[in-house]
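Breakdown of the fold
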Amino acid sequence: MLVGVDFGRPANNAHPSGSFDPTLDELALLAESAGDTPVARVIAKRQAPDAALFVGSGKADEIKLLVQTHQAHTVLFDQAISPAQQRNLEKVLGVPVADRTALILEIFAQRAKSHEGKLQVELARLQYLATRLVRRWSHLERQSGGIGMRGGPGEAQIELDRRMIDERIKATKERLKKVQKQRSTQQRARARNGVFRVSLVGYTNAGKSTLFNALVKARTYAANQLFATLDTTTRSMFLEQAGESISLSDTVGFIRDLPHKLVAAFQATLQEAVDADLLLHVVDAASPVLEEQLAEVERVLAEIGAADIPQILVYNKQDMLAEDQRPRQPLDWIERHESGKTGMRTPRVFVSALTGEGLDVLREQLVAAMRGEIPQGLISGEGAPPEEAASVETEHPPIQA
Ligand SMILES: Nc1nc2c(ncn2[C@@H]2O[C@H](COP(=O)(O)OP(=O)(O)OP(=O)(O)O)[C@@H](O)[C@H]2O)c(=O)[nH]1
Ligand SMILES: [Mg+2]
């Protein structure tokens, strides 16, 4: 059962966190990605969260009725709820209650494959747990299943008190540090080779892995799931026009309102993006919330210190667009405005990773970027973009009215 609460949009809401999705589509996809089946969606409207229940008591009763009607086993909130609210809601509703953060952690836990990925997930979960550890466990011991319970920290961990969790956090950080040290040694070795490094970044489900596969003809797991990819995969890609290979990395997808701690915990994975010479920022051109997703990715990139790395914007899934929504040419240039800076001139390529359309143009741009021909960085007059493209300059993506 999915619940979203609309608090109205504050007039000067600079920070995208707390953004409201009236459709709850993303929460539904997240739930499905975690292996659940959404049975009902509820939207509540409030001025401010109720201190005890997050929603009003009338709404809580309504949710309870729906839970019983649909025999829902968990209630998922799109917004972050406090441990106390969660506790109270579970009492009223009679089923486990979780929020978006817990759900994302659950998915991460299910997906993590590498040693490092598992350690990162464990760290993120422990940190999440530590913030919510207020003797809440006794009433849950009788229950089984539910988000955050399944295969997660497990019953044993429920008994851990804060001090033990803190100790585990410390130990996990140590182990992680060791693994990361090995990795950065490998990375330095790679860097010394002088290979041009390209990293795929973008919102979750934008098609990064599909594009990765199409470009390197590998078989990385791609699926209509959020966070299908958790561990970074790196392959060598031969660029015929350049007669050289570059290294291409597929990375974890971004998502709005990703808890800050989680981003910190995933920094090692995202380090790949930070160390890249070029970012292929993959966008789902068919998404109705494309602008928000673009902005969120830029925000996370800034957070991890990757805002200044040159980008090629890849507008993927062109095959899903209606004829009149499609751009007239496969390439144009836009100006990205990065946190107060003058602007970065950035090529925008329109492709379909599925049909292969536009991939040749993308490869050409990769070659240009590798040769330093893409006039990225601050606009200073020198290195203007190619003539034929300069005429279609747009501040904002024109497709998707
Ligand atoms: N129609 C269409 N579907 C696409 C295209 N590219 C990817 N998809 C689909 O979009 C879904 C997500 O693709 P992925 O490649 O897994 O996306 P991702 O960005 O790697 O996602 P995460 O790893 O989960 O962050 C899959 O169902 C793909 O088949 C495309 O060009 N056209
Ligand atoms: Mg992927």
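Residues numbered from 1 in each chain as written. Chains lettered and ligands numbered in written order. Predicted model: local features only at pLDDT ≥ 70, side-chain atom pairs only at ≥ 80, totals over all residues.

Remarks on the overall build of the protein chain
Threshold: A helix here means a DSSP run of H or I that spans at least four residues, while a strand means a run of E at least two residues long, and both kinds are numbered starting from the N terminus. To sort residues by exposure, count the other C-beta atoms lying within 10 Å of each residue's C-beta; 20 or more gives buried, 12 or fewer gives exposed, and values between give partly exposed, all with C-beta atoms placed from the backbone. We call two residues in contact if the C-beta atoms placed from their backbones are at most 7 Å apart.
Per the secondary structure count, the protein chain includes 13 helices and eleven strands. Here the protein chain holds 401 residues, and 40% of them are scored as buried. Partitioning the contacts of the protein chain with sequence separation of at least 6, the portion at a separation of at least 24 is 71%.

Comments concerning the site of ligand 1
Here is the rule we go by: Note on definitions: a residue is near a molecule or strand provided its C-beta atom, placed from the backbone, lies within 6 Å of it. Residue polarity is assigned by list, with Asp, Glu, Lys and Arg as charged and Ala, Val, Leu, Ile, Met, Phe, Trp, Tyr, Cys and Pro as nonpolar; anything else, Gly included, falls into the polar class.
Inspection of the region around ligand 1 gives 24 residues, with Gly207, Ser209, Asn224, Thr229 and Gly253 positioned closest. Sort the elements by how many residues they give to the shell around ligand 1 and helix H8 (residues 208-216) lands first, with three residues. Split into classes, the residues belonging to the shell around ligand 1 amount to nine nonpolar, twelve polar and three charged.

A closer look at the pairing of strand E7 (residues 244-250)
Formally: When DSSP finds two or more bridges between a pair of strands, those strands are recorded as paired.
Most of E7 is tucked away: five of the seven residues are buried. Sheet topology places strand E5 (residues 197-202) next to E7; four bridges connect them, and they run parallel. Pairing of Leu200 across the sheet is with Asp250, part of E7. Both strand E6 (residues 233-239) and E7 contribute to a ladder of seven bridges, which runs antiparallel. Bridging from a neighbouring strand, Arg235 pairs with Leu248 of E7. Hairpin geometry of E6 and E7 is characterised by an intervening segment of four residues between the two adjacent antiparallel strands and by a positive phi of about 65° at Gly243.

A closer look at the nonpolar core
Applicable threshold: By definition, a nonpolar core groups buried Ala, Val, Leu, Ile, Met, Phe, Trp, Tyr and Cys residues that are joined through C-beta atoms within 7 Å. Start and end positions for the domains come from either an automated domain assignment or a database one.
Membership of the largest hydrophobic core comes to 88 residues, with the highest contact counts inside it found for Val75, Leu76, Leu103, Phe108 and Val314. Residue contributions to this core reach at least three from each of two domains, namely domain 1 (2-104) and domain 2 (195-390).

Concerning the sheet that holds strand E8 (residues 278-284)
Basically, it comes down to this: For helices, the fitted axis covers only the stretch in contact; all axes are lines through C-alpha atoms, and the angles between them, taken along N-to-C directions, range from 0 to 180 degrees.
Read across the sheet, seven strands follow the order E6-E7-E5-E8-E9-E11-E10 without closing on themselves; strand pairing throughout is mixed. The two strands at the open ends of the sheet, each matched to only one other strand, are E6 and strand E10 (331-336). Sheet twist, expressed as the mean angle between neighbouring strand axes with direction ignored, is 30°. Sheet analysis places E8 next to strand E9 (residues 311-316), joined by six bridges and oriented parallel. Within E9, the residue paired with Asp284 across the bridge is Asn316. In the packing of helix H11 (residues 290-303) onto the sheet, the strands contacted are E5 and E8, and the crossing angle to E8 comes to about 155°. Seen against the sheet, helix H12 (residues 359-370) touches E5, E6, E7, E8, E9, E10 and strand E11 (344-350) and runs at an angle of roughly 155° to E11.

A short note on the confidence of the model for the protein chain
Let me state the cut-off plainly: Confidence per residue, as judged by the predictor, is encoded in pLDDT with a range of 0 to 100.
Looking at the protein chain, the pLDDT average stands at 80 and 76% of residues meet or exceed 70. By mean pLDDT, the top-scoring element of the protein chain is strand E3 (residues 75-77) (97), and the lowest-scoring one is helix H13 (residues 387-390) (40). Counting interchain partners and residues more than four positions distant, the pLDDT-below-50 stretch residues 11-17 has five contacts. With pLDDT under 50 throughout, residues 148-157 is counted as low confidence; its partners more than four residues away or in other chains account for ten contacts.

A short note on helix H1 (residues 25-33)
As a reminder, the rule being used: This arc corresponds to the set of directions leading from the helix axis out to the C-beta atoms.
Listing the buried residues of H1 in full gives Glu26, Leu27, Leu30, Ala31 and Ser33. Buried residues of H1 fall within an arc of 160° about the axis and therefore sit on the same side. At its buried positions, H1 is contacted by strand E1 (2-6), E3 and helix H4 (100-111). Looking one or two residues past H1, Gly35 carries a phi angle of roughly 100°, positive in sign.

Here we look at the sheet that holds E3
What the four strands build is an open sheet, ordered E2-E1-E3-E4; its pairing is parallel. Looking at which strands have only one partner, the edges of the open sheet turn out to be strand E2 (41-45) and strand E4 (97-99). The sheet shows a mean angle of 25° between the axes of neighbouring strands, direction not considered. The sheet contact formed by E1 and E3 spans two bridges and is parallel.

Quick notes on unusual backbone geometry
If you check the backbone angles, Gln71 has positive phi at about 50° while not being a glycine. Along the chain, Gln71 turns up in the loop between helix H2 (57-70) and E3. C-beta crowding within 10 Å serves as the criterion here: with 9 such atoms nearby, Gln71 is assigned to the exposed category.

Focus: H8
Burial analysis of H8 places seven of its nine residues in the buried class, the great majority of the element. For H8, the set of buried residues is Lys208, Ser209, Thr210, Leu211, Phe212, Ala214 and Leu215. Summarising the contacts, the buried residues of H8 are in contact with E5, E6, E7, E8, E9 and H12. Of the residues one or two after H8, Lys217 is the one with positive phi, at around 55°.

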